[in-house]
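Structural overview for review
One letter stands for each residue in the lines below.
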Amino acid sequence: MPVPVPELGSYNYVPETKENLDWADLVTLDLSLYGTPEGRKQLASQLIEAVRYHGFFYVKNFNISQERVNRQFSIGKQFYELPLEEKLKYVPEGLDNGAFNGYVPAGRRILDAASGLRDRVEIYNIPKFNGDFKHEHPEIIQKFLPEIEEFARSLHSEVLDPLHVILAIALELPEDFFTNIHKYDIKSEDHLRYMKYSKYTPEENKKIGQWVQGHTDLGSWTLLFRQPVAALQIKSHATGEWKWVKPQDGTLTVNACDALSFLTGGYVRSTIHRVVSPPQDQQHVDRLGLLYFSRPNNDVKLATVKSPVLEREGFTQNDFEKTGNPVPTMEEWTFAKQKWQRTKNVVRGDPKYETAQILPGFQEKVHA
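Now for a quick tour of the structure. (Residues numbered from 1 in each chain as written. Predicted model: local features only at pLDDT ≥ 70, side-chain atom pairs only at ≥ 80, totals over all residues. Heavy atoms only, no water.)

**Here we look at the overall build of the protein**
Helix and strand content of the protein: twelve helices and 17 strands. In terms of C-alpha radius of gyration, the protein reaches 20 Å, essentially the compact-globule figure of 21 Å for 368 residues. Taken over the C-alpha atoms alone, the protein extends approximately 55 × 50 × 45 Å along its principal axes. A burial count over the protein gives 58% of its 368 residues as buried. The long-range share in the protein, meaning contacts at least 24 apart out of those at least 6 apart in sequence, stands at 78%. As displayed, the protein offers around 16,100 Å² of accessible surface, 49% of which is attributable to carbon and sulfur atoms. (Helix = DSSP H or I, 4+ residues; strand = E, 2+ residues; numbered from the N terminus. Rg over C-alpha atoms; globule rule 2.2 N^0.38 Å. Buried < 20%, exposed > 50% of the residue type's maximum accessible area, 1.4 Å probe, protein only. Contact = heavy atoms within 4.5 Å. Areas by Shrake-Rupley, 256 points an atom, 1.4 Å probe, with all protein chains shown as cover.)

**Quick notes on the packing of aromatic side chains**
Following the criterion strictly, the structure yields 19 aromatic pairs and no others. Both rings, one in Tyr13 and one in Phe73, keep their centres 5.4 Å apart while their planes meet at 75°; by these two values the pair is edge-to-face. A residue pair is termed long-range when its members are at least 10 positions apart, and Tyr13 in the segment before strand E1 (28-30) and Phe73 in helix H2 (residues 66-80) qualify at 60 residues. According to the relative accessible area criterion, Tyr13 is partly exposed, its value standing at 25%. A relative accessible area of 1% means that Phe73 is categorised as buried. (Phe/Tyr/Trp six-rings, centres within 6.5 Å; stacked < 30°, edge-to-face > 60°.)

**Re helix H1 (residues 37-54)**
What sets the pattern is the α-helix's 3.6 residues per turn: residues three or four places apart point alike. With 18 residues, H1 should reach 26 Å at 1.5 Å per residue; the first-to-last C-alpha distance of 25 Å fits that figure. Taken as a whole, H1 has its buried residues at Gly39, Arg40, Leu43, Ala44, Leu47, Ile48, Ala50, Val51 and Arg52. Looking at the buried positions of H1, the neighbouring elements they touch are E1, strand E2 (56-60), helix H5 (145-170), strand E9 (221-225) and strand E12 (251-256). At the C-terminal side of H1, Gly55 shows a positive phi close to 105°. (Expected span 1.5 Å × (residues − 1).)

**So, the pairing of E9**
With respect to burial, E9 is a largely interior element, five of its five residues being buried. Across the two faces of E9 the burial is the same, with Trp221, Leu223 and Phe225 and Thr222 and Leu224 all buried. Where E9 and E12 come together, five bridges link them in antiparallel fashion. Pairing of Phe225 across the sheet is with Leu252, part of E12. As paired elements, E9 and strand E14 (residues 287-294) share four bridges and run antiparallel to each other. Each residue of the ladder has a partner; that of Trp221, found in E14, is Ser294. (Pairing = 2+ DSSP bridges.)

**Quick look at the nonpolar core**
Judged by nonpolar contacts, the single largest core of 80 residues is most densely connected at Phe57, Ile141, Ile148, Tyr194, Trp221 and Trp333. Among the elements that take part in this core, H5 stands out by supplying twelve residues, more than any other. The residues touching Tyr194, leaving out its near neighbours within four places in the chain, are Gln72, Ile75, Gly76, Tyr80, Glu122, Ile123, Tyr124, Ile126, Ile141, Ile148, Gly289 and Leu290. (Core = buried A, V, L, I, M, F, W, Y, C linked by side-chain atoms within 4.5 Å.)

**Looking at the pattern of salt bridges**
In total, this model carries 18 salt bridges according to the counting rule given. For the salt bridge of Lys89 with Glu86, the shortest nitrogen-to-oxygen distance reads 2.9 Å. Here Lys87 ties to Glu122 by a salt bridge, and the two come within 2.9 Å at their closest N and O atoms. Residue Lys87 is found in helix H3 (residues 84-87), and its partner Glu122 is found in strand E6 (residues 121-127); the two are separated by 35 residues along the sequence. Across the pair, exposure class does not vary: Lys87 and Glu122 are buried alike. (Salt bridge = Lys/Arg side-chain N within 4 Å of Asp/Glu carboxyl O.)

What follows is the structure, given as structure tokens:
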């Protein structure tokens, strides 16, 4: 049942680009079909097409109103209007060692060595509300915390749980297989994120091109709520080409991530994506993102699961297993990759960073 909510100013989305971009042709999963066995079977087939060949996909009819989504964007907007000195009070201790809940300030990476131009990406991460994490937030977050909790929990029950059931059906596993390793009440590093990309000048955009270089996400699924500033691009699994991801009304944009790739021996493919300079008619605005990062429970070992489909298709070992190295738990994997991602003062193009071994048996890399 919805919690009573305080007054909150409205959130106005900027107009979509009028440029004719090379948009990706992505699968849309309609969760209104989820209620029947036939519908779940259809969704399972679509999901496999998405995670094997496209990478990203859309989800619609997920039972969370646009009004609730808009309110989350409004909360994020108000947070980023706080003075920098106030936001800096919420930088996590241990940020350089992979801590990530709280505020991550902009400017940690050097995008252009010659000019010293740094990134303008700010992040505010809010962890689970299951009792494992402290919730100390600025007042603008704190006063809306019950609403934020309800929203985050709804993403599990209305979106993530169905996706996990659909994936299990597709792999001919018990329907609760993936939900059992993604339980909300067990500790994992899931988090809701408000993310702000502050604009660059046209001259700066020409200099840097990409705001965030090509990468994969470390968890199970990333949920991205529609926002109209075009900047997200994905690398097609099928062709290797970079395509723009179009904002679609009333949808979530979802991508599969590293943990699911490990758990399926590479059958589910972790999607390479990047954030580039927006088209010219949107370069004058900042880009505010609302995301949720889903991860298996911390104690889950990222070994390839025993699935009839994976056995038939020959996906029986992940990178760690193929090289005879220890298979990490999700907690070990999370903080190894987060530490690499949070490396401070990295200069774009530094080969020591961009091709680092972050755990024995796994070579991380930045994708051009």
